[in-house]
Amino acid sequence: MEPYSCGTSPIVGFRFSLHPMSGHFISIIKGALKETDTSHVWMQTDDVSTVIRGKQRHVFNVAKALALHAAKTGEHIAMSGTFSAGCPGDTAGDVYLDAPDEPVNQDSTPQYVSSQFALYPMNNLDYMEVIYREVERAKEFGVWNDSMHYASGIHGDIHEVFSFYEASFSEARSDQYPHLVMTVSMSLNSPSHTTGDPHA
């Protein structure tokens, strides 16, 4: 199958690395993968990172589930990665576009997460207007934390944070500018989260 032209692929991807701050990092990562239903996404792991691709709702659902299952060990977990949509060459994930719409991971366990994100609306000369709009959306969602150099701080319950990230990812794209990149960095169960500072 020929690759899509830039901006026409319906596939969303997330390349990420999961970093448990524990000597048991291998079992934590493997355990999170085992507990997460990845049947609706295309997934591949190498010695640096893992990529998941498919329908947007399933990619965000699996990303959240992996972070949540790793965090349920009680260990300090860091996750960083890049969401991307509208890129050519995603033909290996086409089969997963036929997956049912209902997300398969339904764990609603509460989990605080402190995170940062940055949006890159490709080819859009009004990119700052897009970014400002999504900052306001974060405030509406109640997950806004702080402004900072090269990123924006987002925090709260993991389910609310991922709801915002998926909504922002959808809204930052347009028919005219469908190619979008969003980077995220997350910290879960950090010792600094117990200091009493909700913005730590």
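Residues numbered from 1 in each chain as written. Predicted model: local features only at pLDDT ≥ 70, side-chain atom pairs only at ≥ 80, totals over all residues. Heavy atoms only, no water.

Trainee: Help me understand the overall build of the protein, please; the structure alone is not making it clear to me.
Mentor: Assigned secondary structure in the protein consists of four helices and eight strands. Ordering the α and β elements of the protein from the N terminus gives β-α-β-β-α-β-β-α-β-β-α-β. Each of the three principal axes of the protein carries a C-alpha extent, and together these read 50 × 35 × 30 Å. For the protein, the residues scored as buried account for 48% of the 200 residues in total. When the accessible surface of the protein is totalled, it reaches about 10200 Å², and 52% of it is carbon and sulfur. The average position of the 12 basic charges and that of the 24 acidic charges among the side chains of the protein differ by 4 Å. (Helix = DSSP H or I, 4+ residues; strand = E, 2+ residues; numbered from the N terminus. Buried < 20%, exposed > 50% of the residue type's maximum accessible area, 1.4 Å probe, protein only. Areas by Shrake-Rupley, 256 points an atom, 1.4 Å probe, with all protein chains shown as cover. Lys, Arg positive; Asp, Glu negative; His and termini not counted. Charge placed at Lys NZ, Arg CZ, Asp CG, Glu CD.)

Trainee: Got a minute to help me understand the sheet that holds strand β8 (residues 180-188) in this structure?
Mentor: Each strand in a sheet pairs with its neighbour through backbone hydrogen bonds, running either in the same direction (parallel) or in the opposite one (antiparallel). If you walk across this open sheet you meet the eight strands as β2-β3-β1-β4-β8-β5-β7-β6, and the pairing is antiparallel. Unpaired on one side and paired on the other, β2 (42-45) and β6 (144-148) mark the two borders of the sheet. Here the average twist between neighbouring strands, direction ignored, is 20 degrees. Taken together, the nine bridges between strand β1 (residues 12-20) and strand β4 (residues 77-85) define a ladder with antiparallel strand orientation. Looking across to β4, one finds that Leu-18 is bridged to Met-79. Against the sheet, helix α1 (residues 25-35) makes contact with β1, β2 and β4, and its axis sits at roughly 145 degrees relative to β1, the strand it touches most. Helix α2 (residues 56-71) contacts β1, β3 (50-54), β4 and β8 of the sheet and is inclined by roughly 175 degrees relative to β4. (Pairing = 2+ DSSP bridges. Axes fitted to C-alpha atoms, helices over the stretch in contact; angles between N-to-C directions. Contact = heavy atoms within 4.5 Å.)

Trainee: Any chance you could explain the nonpolar core here in plain terms?
Mentor: Considering soluble globular proteins, one finds that nonpolar side chains tend to be buried as a cluster. One finds Phe-14, Phe-83, Ile-154, Tyr-165 and Met-182 to be the most contacted residues of the largest nonpolar core, which totals 42 residues. When residues of this core are traced back to their parent elements, those giving at least two are β1, α1, α2, β4, β5 (112-121), α3 (127-141), α4 (158-171) and β8. (Core = buried A, V, L, I, M, F, W, Y, C linked by side-chain atoms within 4.5 Å.)

Take it as geometry only, folks, not as evidence of what the structure does.
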